[in-house]
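Inside the fold
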Amino acid sequence: MNKFLIVLLCMVVANVQARQVITGSLTDKETSKPVEGASVELLQLPDSSTVELAKSNSEGLFMFYKADTVKTYCLRVKHLVYKTTSLRVVPKRKSMINNLGGIALEPSTYSIKEVVVNGTKVKVTELGDRTIYGIPEGIKKTSTDGLDVLRKVPAVQVDYLNEDITVNGKSNIKIEVDGITRDKEYLKRLHPSQIDKMEVITSPSGKYDADVDAVINIVTNPAMRFGLKGMVNVFALPLSSDSYIGRLNGSLDYGEEKVSYYVAANGMLHNFDYMSDMTRIAGTDELQRTSKQAIKGNNQNVNLGLIYDPNELNNLNLNVSFNNNASRVNGDAWNYNSSNAILNSIFSTSTNSKSNNNGITSSLFYKHKFNKNTQHGYEVELNYFTSLNNTNVTDFRNINYSPIDTTVLLTNPWQNEKSKTKTQTFTGQSNYTLPFDSVYSFNAGVSGNYNRYIIDNTSSQVQNKNLDYTDLRLGGYAELSRNFKKGSVKIGSRFETSHVVINSQGNSNYFSPLPYANGFLKFNDANSIKLAYSRRVIRPTAGQLNPFVSVVDSQSTSRGNINLKPAYRDNFQLTYNVKLTLKNVTVNLAPQLFYEYKTGLIQTIISQVDHTNVFESKPDNVSNGYEAGGGLSVNSQIGKVMFNSNFRYSFNHIDRYLDQIIPTNQRSWNWNSFVMFPLPWDLKFISMFNINGPVLDGQTETKASPFYFVGLVKQFKNNSSLNIIAFNPFAAKFFDNTVTLRNNSVYQRTESYMGMTTAFVIMYSYNFKIGKSIEKQKHTVEQQVEESGFKLPF
């Protein structure tokens, strides 16, 4: 009996020892980036029977659990856009884990004249901290440049007037292209065909500065760098005979095997009127104001640089850009003061303002990989900005009239206010990535930021203080991530320490630990869930800190506050992702719940000056608050119709702040959608709709009118396209905005809008590509296996 038990125990031990886990990771041979969604088969030799099937996850990782140390195996890897790859599994008889390391997959043939994509269905990939949107051909062909492509991505909003970018209502957005810091002007040099996918990171890791709300990373197709290519885009928005908005954008790229060069330039001219009506009630006193501003402006940007890839392990990027923004605003405002419903004064204010802001930004990025088949490596990024001639000048004059017969009672002399700003910023960052054990990845980095703002304020009416602001900030982070067969977990923390000096008078030091974590679980190919937490910082801007007192409006003065402190927020996000497919219908749904707690909010407070009719606005660290709600993101292809949508509903609360803000609750919402479908004669119909609910900001509640457009896109055979779009065709007012303020001393309502009702936009885009098709030499499955000294039996 004892002998029987011993034999049985030996058999069990031998069987346990025979079990073996086979693992590895798949990467793109051209970019060394992980390949997700590849089908990996574990085949037993010599009969090629299937032992187990697996799919590579977002990190390119795959695992098999049914192998043993005795039998012989091979792998067969299939993917839609890669050549089928087969390779022998080198046996490890004495190990329970057989790590095959990185397996590089060769992409299919590229053509520089056109990148052919199989189908136009949308592809959405979810990771723990980001959502990745594959850009289908339909969007590329109806877009003029990279910024225009970004407009059509769910959760991202790009303002058509100022081109400001927001993500889920957050405005401090970091733009990257292939992981390198860029700006929105750089996106205009990207031809839509160069863009492969866009990553929207709503839970930034410690790699990014703590005041970054979200990150948008545009991933380009490296094969499109080869050859000579260029594009020209024209945007014309005629409002009337003397009102218009126009943009011109052009770029030229030339790429060889190891290096590519580019130069791009864009500019804008605008001339339009902006109207405003205000009502202010303070006790028995009332002020009625109507104003009109004639706004003329222009801006220019030039980008030039190079991308150098000497080999698969090194990458160097150099970019230099020049930005200039200039504007001239002539305004007239009429003010009617009354007390107890009796008109007692009338006065007008005339203003002539000029502003000019320009500067040069230079950046250098270097990345090195120790192994082309893994992510092991480091990167260094340096950025320097210096302003050149930043001035803001306002001349103004007040005239008093008789409330009885409107005759002139007093004409004040012209007054003057001027601010001259000098800005210098230098940032440096280094990041290190160490993958180990096939499933773990350790990331760490350090960063330094030096910011100097010098603002020279002068005024002919009041004595003003200047601003000399210096911020030296050091930061670092460390994080550890773990990949599983059906998910991943990441945990880390960033720390930042700041030394702030304002006007050489006082020093302030801040130390901020900023933890973050996220987890991702994939139930199957169609269902997944992720949970993310991060702590972020909201820093006061130079404009909020500037102690300059502006008295251009004699009834409403304004000043900055050098005593502002950073604010903080803790953000939680829970997102479920489901993919529905039925024949030619693909729908990606992402319902989300979120909660954000905010401390030391920076808000603008408007208060009465003593017992006069003058009110002053000043930013301050007010009380705490929170925002909670839910959202739904839709990315779909229904037959030939593409429909993207993002809806968010939130409940906002702000605590009491002195006698200026009462405890306030406010419900708000945002809906942004885009639809496109083909029509006969190579036409495409496109439409976008954006609606925002009331936004709570301290004392004020802001309501904006819906913005929408409908249009047609005509694609020509000479690589050009024509867009004709109608903006707000049925709106009574254009960009209508209403701000309401209520506190214990005043009620104020201000409505602002552009001086037009409807507008038609004409956009023309032309691009060319000169280059040969780049065909990489491919090996058949049999050739690849023969090179490894092994013959397949199938």
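This write-up is about the structure you can find in this document.

Each value, and the rule that gives it
- Residues numbered from 1 in each chain as written.
- Predicted model: local features only at pLDDT ≥ 70, side-chain atom pairs only at ≥ 80, totals over all residues.
- Heavy atoms only, no water.
- Helix = DSSP H or I, 4+ residues; strand = E, 2+ residues; numbered from the N terminus.
- Rg over C-alpha atoms; globule rule 2.2 N^0.38 Å.
- Buried < 20%, exposed > 50% of the residue type's maximum accessible area, 1.4 Å probe, protein only.
- Contact = heavy atoms within 4.5 Å.
- Areas by Shrake-Rupley, 256 points an atom, 1.4 Å probe, with all protein chains shown as cover.
- Lys, Arg positive; Asp, Glu negative; His and termini not counted.
- Charge placed at Lys NZ, Arg CZ, Asp CG, Glu CD.
- 1 Å grid on protein atoms, 1.4 Å probe; cavity = no way out; pocket = protein on both sides within 12 Å on 5 of 7 lines; lining within 4 Å.
- Points joined across faces, edges and corners; volume = space filled by probe spheres on them.
- Nonpolar A, V, L, I, M, F, W, Y, C, P; charged D, E, K, R; others polar.
- Pairing = 2+ DSSP bridges.
- Axes fitted to C-alpha atoms, helices over the stretch in contact; angles between N-to-C directions.
- Polar contact = N/O pair within 3.5 Å; in protein donor to acceptor, adjacent residues only side chain to side chain.
- Salt bridge = Lys/Arg side-chain N within 4 Å of Asp/Glu carboxyl O.
- Core = buried A, V, L, I, M, F, W, Y, C linked by side-chain atoms within 4.5 Å.
- Phe/Tyr/Trp six-rings, centres within 6.5 Å; stacked < 30°, edge-to-face > 60°.
- Lys NZ or Arg CZ within 6 Å of the ring centre and 35° of its normal.

What follows is about the overall build of the protein chain. Helices and strands together make up the secondary structure of the protein chain, namely six helices and 47 strands. For the protein chain, whose C-alpha radius of gyration is 30 Å, the value lies close to the compact-globule estimate of 28 Å for 794 residues. When the backbone C-alpha atoms are referred to their principal axes, the protein chain occupies close to 115 × 65 × 45 Å. Across the 794 residues in the protein chain, those meeting the buried criterion constitute 50%. The long-range share in the protein chain, meaning contacts at least 24 apart out of those at least 6 apart in sequence, stands at 63%. If you sum the accessible surface of the protein chain, you get close to 37100 Å²; carbon and sulfur atoms cover 58% of it. Here the protein chain carries 83 positive and 68 negative side-chain charges, and the mean point of each set is 7 Å from the other.

Once that is clear, we can look at empty space enclosed by the protein. Rolled over the atoms, a probe sized like a water molecule indicates the empty space that remains. Enumeration over the complete set of coordinates arrives at eleven cavities of 30 Å³ or more. In this structure, the second largest cavity spans a volume of roughly 210 Å³. Lys-170, Thr-202, Asn-571, Gln-573 and Glu-596 are the residues nearest the centre of the second largest cavity, which is lined by 17 residues in total. Contributions of two or more residues to the lining of the second largest cavity are made by strand S30 (527-538), strand S33 (567-582) and strand S34 (585-599). Tallied by class, the residues present in the lining of the second largest cavity amount to four nonpolar, six polar and seven charged.

Before going further, it helps to spend a moment on the sheet that holds strand S6 (residues 82-88). Strand order across the open sheet formed by four strands is S3-S2-S5-S6, with antiparallel pairing between neighbours. Lying at the two open borders of the sheet, with one neighbouring strand each, are strand S3 (49-55) and S6. Averaged over all pairs of adjacent strands, the angle between strand axes in this sheet comes to 15 degrees, irrespective of strand direction. The pairing of strand S2 (residues 39-44) with S3 spans six bridges and is classified as antiparallel. Directly across from Gln-44, in S3, lies its bridge partner Ser-49.

Before going further, it helps to examine the sheet that holds strand S35 (residues 602-608). Taken in spatial order, the four strands of this open sheet run S31-S32-S36-S35, and their pairing is mixed. Where the open sheet ends on each side, the last strands, each with one partner, are strand S31 (549-550) and S35.

Within the secondary structure layout, Val-551 lies in the loop between S31 and strand S32 (556-559). Considered as a pair, Val-551 and Val-234 are 317 residues apart in the sequence and their alpha carbons are 40 Å apart. Beyond its immediate stretch of four places on either side in the chain, Val-551 contacts Phe-396, Glu-417, Gln-461, Val-462 and Thr-557.

The next subject is the side chain of Glu-52. Topologically, Glu-52 is positioned in strand S3. Of the residues examined, Glu-52 reaches a relative accessible area of 9% and is grouped as buried. Within the structure, the side chain of Glu-52 is placed 3.1 Å from the backbone nitrogen of Lys-66, a separation counted as a polar contact. Excluding residues that lie within four positions of it along the chain, Glu-52 makes contacts with Val-40, Glu-41, Leu-42, Met-63, Phe-64, Tyr-65, Lys-66 and Lys-485.

Moving on, we come to the side chain of Glu-596. One can find Glu-596 in strand S34. A polar side-chain atom of Glu-596 sits 3.0 Å from a polar atom in the side chain of Asn-571. If near-sequence neighbours (up to four positions away) are discounted, Glu-596 is found in contact with Lys-170, Arg-569, Asp-570, Asn-571, Gly-625, Tyr-626 and Glu-627.

As for its position among the elements, Tyr-261 is in strand S18 (residues 259-282). A C-alpha to C-alpha distance of 6.0 Å links Tyr-261 and Gly-305, two positions 44 residues apart in sequence. Discounting residues that sit within four places of it in the chain, Tyr-261 has contacts with Leu-252, Asp-253, Tyr-254, Gly-305 and Leu-306.

For the rest of this paragraph, the subject is the pattern of salt bridges. In this structure the tally under the stated criterion is 29 salt bridges. Glu-616 is the salt-bridge partner of Arg-559, the closest N and O atoms lying 2.6 Å from each other. With a gap of 57 residues between them, Arg-559 in strand S32 and Glu-616 in strand S36 (residues 615-621) connect regions that are remote in the sequence. Look at the salt bridges and you will find they share partners, linking Asp-129, Arg-130, Glu-199, Glu-479 and Lys-490 into a network.

At Thr-406, a position not held by glycine, the phi torsion is positive, near 60 degrees. Along the polypeptide, Thr-406 turns up in the loop between strand S23 (390-401) and strand S24 (408-411). Positioned with a positive phi, Asn-728 is a non-glycine residue whose angle comes to about 40 degrees. Of note, Asn-728 is situated in the loop between strand S44 (720-727) and strand S45 (734-742).

Let us now look at the nonpolar core. Counting residues in hydrophobic clusters, the biggest one holds 50 residues, and the most contacted among them are Leu-150, Val-156, Ile-165, Ile-216 and Phe-727. Discounting chain neighbours no more than four positions away, the residues touching Leu-150 are Val-156, Val-158, Ile-165, Leu-187, Met-198 and Ile-216. Within the second largest apolar cluster, 17 residues are counted, among which are Leu-26, Ala-54, Tyr-73 and Val-89.

For any pair of aromatic rings, geometry is given as the distance between the ring centres together with the angle between the planes. For the structure on display, the rule yields 20 aromatic pairs. Each ring, one from Phe-734 and one from Phe-735, has its centre 4.7 Å from the other, and the planes form 90 degrees; the classification is edge-to-face. Phe-734 sits in the buried class, given a relative accessible area of 1%. Each residue in the set Tyr-533, Phe-572, Tyr-595, Tyr-626 and Phe-651 is aromatic and connected to the rest through ring pairs, giving one cluster. Here the basic side chain of Arg-189 rests over the ring of Tyr-262, its NZ or CZ set 4.1 Å away from the ring centre. Over the ring of Phe-235 we find Arg-247; its NZ or CZ atom is 4.8 Å from the centre of that ring.

Here Lys-486 shows up in the loop between strand S27 (467-484) and strand S28 (487-502). With 70 residues separating them along the chain, Lys-486 and Asn-416 place their C-alpha atoms 65 Å apart. Not counting chain neighbours up to four residues away, the residues in contact with Lys-486 comprise Phe-520, Leu-521, Lys-522 and Phe-523.

Moving on: the pairing of strand S46 (residues 747-754). Within S46, six of the eight residues are buried, which leaves the element mostly enclosed by the surrounding structure. Two strands pair when backbone bridges link them, and S45 and S46 are joined in this way by seven bridges, in the antiparallel orientation. Across the sheet, residue Thr-740 finds its bridge partner in S46, namely Arg-749. Hairpin remark: S45 followed by S46, antiparallel, with four residues in the connecting loop.

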